[in-house]
Amino acid sequence: MNFKRWLPRRFNPVFATFLIIAFLTGIAGALQAPTLSLFLTTEVKVRPLWVGLFYTLNAIAGIIVSFLLAKRSDNRGDRRKLILLCCLMAVGNSLLFAFNRDYLTLITAGVLLAAIANTAMPQIFALAREYADSSAREVVMFSSLMRAQLSLAWVIGPPLSFMLALNYGFTTMFLVAAAIFAISVLLVWLILPSVPRAQVEISVDSPPIAPIAAWRDPDVRLLFLASMLMWTCNTMYIIDMPLYITADLGLSDRLAGLLMGTAAGLEIPAMLLAGYYVKRFGKRNMMLLAVAAGVLFYAGLVLFKFKAALMVLQLFNAIFIGIIAGIGMLYFQDLMPGRPGAATTMFTNSISTGVILAGILQGALVEHFGHYAVYWLITLLAMLSLWMCARVREV
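Quantities reported herein were computed from a predicted structural model and do not represent experimental measurements.

Novice: Would you mind going over the overall build of the chain in detail, with residue names and values included?
Specialist: When you go through the chain residue by residue, the secondary structure sums to 15 helices and 0 strands. When burial is assessed residue by residue, the chain has 49% of its 395 residues classed as buried.

Okay, structure coming up:
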């Protein structure tokens, strides 16, 4: 790889700002997401079913709003202005959660603001890609550095989130998130450039790019269902774990943040190793390894209930998420040659569908059977996902 092509002759404040903004918005998001279920339960005082419903509606709104905004940003308008709008909505959303404890307000205005705010990150990556292309820089290296900022943010964010919420209250935690988003707004406004869109010429002789029903391919269909179940398991764990370890296991609230931060830290080498060994072992075998690690992780949550075991189990969690987050999308693309956009959409839709399903299942299970039932179900779902993955062909 030609590093000189990416590295500027002098310090480039725009490239540095992209990295800083990716880290800051990642930190602000990682402050709010891990403690959301705890916030809704202890501060808003709603039943588990309504906690799950909140996650489900949040996911649905996020899919719709991000699709509409992304479509508009790709066709017309200044992407930098859209990022500013999204970051401002993130500030407003954080302030709303800081001072409001009414569930109806949070699930309407809060969900709408969050849906717009969550569009900021993909738009930042899109603008960074456009700027790197226009500057003739190494795009892959720059994108990797930005993704590393997000991973680092999720190592630091969850423990910090629980520390702020438990020591100083949720209001302080959300105000800190609002301040970080406000700093991001200033950096975007003062430093990030507006990049003109490249005009793509389409020949009249070119055949139209029509969507093909990938769902008819049994391998794609199986991989979609398997991926959906994987992300259902992961989201149910994220929603339920902070409540489970305090309500059922009687462990410290801070342990939840430590577990999430540990898993995020271990995911970084898991992703890198998966990328290094995938050519040797193949995507199918790597996915089977990942889901098998997921089965061991969730079965371990059923069997072990003390701090040391929960910490050790995060290694399996990191292998599970670290591999499927990176290799999963590539597997879809190889199964759908010539259709990288459709393949990526299939992968992201499997995640979104898993989040929606997780919100419904987690709330209903805890409402009727308690937190322990969640981990029995996600163990079974992970085993089903492993069986489905084993039936998908290698490519």
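Novice: Provide a residue-level description of unusual backbone geometry, including the pertinent values.
Specialist: Outside of glycine, negative phi angles account for most residues, and trans bonds account for most peptide bonds. The phi dihedral of Lys-45 falls on the positive side, at around 60 degrees, and the residue is not glycine. Turning to its location among the elements, Lys-45 is positioned in the loop between helix 3 (36-42) and helix 4 (48-75). Given the relative accessible area of 65%, Lys-45 is considered exposed.

Novice: Lay out the nonpolar core in plain terms, naming residues and giving numbers.
Specialist: Ranked by internal contacts, the top residues of the largest apolar core, which has 120 residues, are Phe-18, Phe-39, Phe-54, Tyr-237, Tyr-298 and Tyr-375. Counting residues per element, this core draws most heavily on helix 10 (residues 218-247), which supplies 17 residues. Mapped onto the domain boundaries, this core takes at least three residues apiece from domain 1 (11-196) and domain 2 (213-394). The contact partners of Tyr-237, leaving out residues within four places of it in the chain, are Pro-242, Leu-259, Phe-297, Tyr-298, Leu-301, Gln-314, Asn-317, Tyr-375 and Ile-378.

Novice: How would you explain empty space enclosed by the protein if you had to name every residue and give the values?
Specialist: Counted according to the given criterion, the structure contains 1 cavity of 30 Å³ or more. Taken as a whole, the largest cavity holds about 30 Å³ of empty space. Together, Tyr-237, Met-241, Tyr-244, Ile-245, Leu-259, Leu-301 and Leu-310 line the largest cavity. The biggest single contributor to the lining of the largest cavity is helix 10, with 4 residues.

Novice: Summarise the pattern of salt bridges; cite the residues concerned and give the values.
Specialist: Overall, the coordinates contain 3 salt bridges when judged by the stated rule. The shortest N-O distance in the salt bridge between Arg-47 and Glu-367 comes to 2.5 Å. With a gap of 320 residues between them, Arg-47 in the loop between helix 3 and helix 4 and Glu-367 in helix 14 (residues 340-369) connect regions that are remote in the sequence. Residue Glu-367 is classed as partly exposed on the basis of its relative accessible area of 26%. Of the charged contacts in the structure, one is a salt bridge between Asp-219 and Arg-393, with a shortest N-O distance of 2.9 Å. You can see Asp-219 sitting in helix 10 and its partner Arg-393 sitting in the segment after helix 15 (371-390), a full 174 residues away along the chain.

Novice: An account of helix 2 (residues 13-32) is needed here, citing residue identities and associated values.
Specialist: Given a rise of 1.5 Å per residue, 20 residues ought to cover 28 Å, and the 29 Å separating the end C-alpha atoms of helix 2 matches this to within 8%. Within helix 2, 16 of the 20 residues are buried, which leaves the element mostly enclosed by the surrounding structure.

Novice: Can you lay out a nonpolar patch on the surface for me, pointing to particular residues and giving the numbers?
Specialist: Together, Trp-50, Leu-53, Leu-57, Ile-60, Ile-63, Ile-64, Phe-67 and Leu-68 make up an exposed nonpolar region whose accessible area comes to about 680 Å². On the secondary structure map, Ile-63 appears in helix 4.

Novice: Go over the packing of aromatic side chains, please, and point to the residues and values.
Specialist: The way to describe two aromatic rings as a pair is by their centre distance and the angle between their planes. According to the stated counting rule, one finds 18 aromatic pairs in the structure shown. Taken together, a centroid distance of 6.2 Å and an interplanar angle of 55 degrees make the contact between Phe-332 and Phe-347 tilted. Residue Phe-332 is found in helix 13 (residues 307-335), and its partner Phe-347 is found in helix 14; the two are separated by 15 residues along the sequence. Neither residue differs from the other here; Phe-332 and Phe-347 are each classed as buried.

Novice: Please give an account of the environment of Phe-281 that cites residues and values.
Specialist: As for its placement among the helices and strands, Phe-281 is situated in helix 11 (residues 254-281). When its relative accessible area of 42% is taken as the criterion, Phe-281 is described as partly exposed. For Phe-281, the contacting residues outside a window of four places in its chain are Met-286 and Glu-394.

Novice: Which residues make up the side chain of Ser-350, and what values do they have?
Specialist: One can find Ser-350 in helix 14. Polar contacts involving the side chain of Ser-350 include one to the side chain of Ser-227, which spans 2.8 Å. Ser-350 has contacts with Phe-224, Ser-227, Met-228 and Trp-231, leaving out every residue within four places of it along the chain.

Novice: Residue-level account of the confidence of the model for the chain, with values.
Specialist: With 86% of its residues at a pLDDT of 70 or more, the chain shows a mean pLDDT of 83. Within the chain, helix 1 (residues 3-6) has the poorest average pLDDT of any element, 44, and helix 9 (residues 170-190) the best, 95. Across residues 1-9, where pLDDT falls below 50, the model places 14 contacts with residues more than four positions away in sequence or in other chains. Confidence drops under pLDDT 50 across residues 200-212; counting only partners more than four residues distant or on other chains, this segment forms 1 contact.

Novice: Residue-level account of the environment of Val-355, with values.
Specialist: Its place among the elements puts Val-355 in helix 14. Once the C-alpha coordinates of Val-355 and Cys-233 are considered, the two residues, 122 residues apart in sequence, prove to be 8.9 Å apart. Once residues within four sequence positions are removed from consideration, Val-355 is found in contact with Tyr-55, Ala-59 and Thr-235.

Novice: Which residues make up helix 10, and what values do they have?
Specialist: In this model, helix 10 (30 residues) spans 42 Å end to end at C-alpha, consistent with the 44 Å of a helix rising 1.5 Å per residue. Its axis deflected by about 50 degrees at Asp-240, helix 10 carries its strongest bend there, up to four residues before the proline Pro-242. Counting buried residues in helix 10 gives 24 out of 30 residues, a clear majority hidden from the surface. Sitting at the head of helix 10, Asp-217 places a side-chain oxygen 2.9 Å from the backbone nitrogen of Asp-219.

Novice: A description of the environment of Gln-314 should follow, citing residues and the corresponding values.
Specialist: Relative to the assigned elements, Gln-314 resides in helix 13. With 51 residues separating them in the primary sequence, Gln-314 and Ala-263 have C-alpha atoms 5.2 Å apart. If near-sequence neighbours (up to four positions away) are discounted, Gln-314 is found in contact with Tyr-237, Leu-259, Thr-262, Ala-263, Leu-266 and Phe-297.

Thresholds applied
Residues numbered from 1 in each chain as written. Predicted model: local features only at pLDDT ≥ 70, side-chain atom pairs only at ≥ 80, totals over all residues. Heavy atoms only, no water. Helix = DSSP H or I, 4+ residues; strand = E, 2+ residues; numbered from the N terminus. Buried < 20%, exposed > 50% of the residue type's maximum accessible area, 1.4 Å probe, protein only. Core = buried A, V, L, I, M, F, W, Y, C linked by side-chain atoms within 4.5 Å. Domains from an automatic or database assignment. Contact = heavy atoms within 4.5 Å. 1 Å grid on protein atoms, 1.4 Å probe; cavity = no way out; pocket = protein on both sides within 12 Å on 5 of 7 lines; lining within 4 Å. Points joined across faces, edges and corners; volume = space filled by probe spheres on them. Salt bridge = Lys/Arg side-chain N within 4 Å of Asp/Glu carboxyl O. Expected span 1.5 Å × (residues − 1). Patch = residues over 30% accessible without salt bridge, like charges linked within 9 Å, V, L, I, M, F, W, Y side chains within 5 Å. Areas by Shrake-Rupley, 256 points an atom, 1.4 Å probe, with all protein chains shown as cover. Phe/Tyr/Trp six-rings, centres within 6.5 Å; stacked < 30°, edge-to-face > 60°. Polar contact = N/O pair within 3.5 Å; in protein donor to acceptor, adjacent residues only side chain to side chain. pLDDT = per-residue confidence, 0-100. Bend = angle between axes of the 7 residues up to and from the residue.

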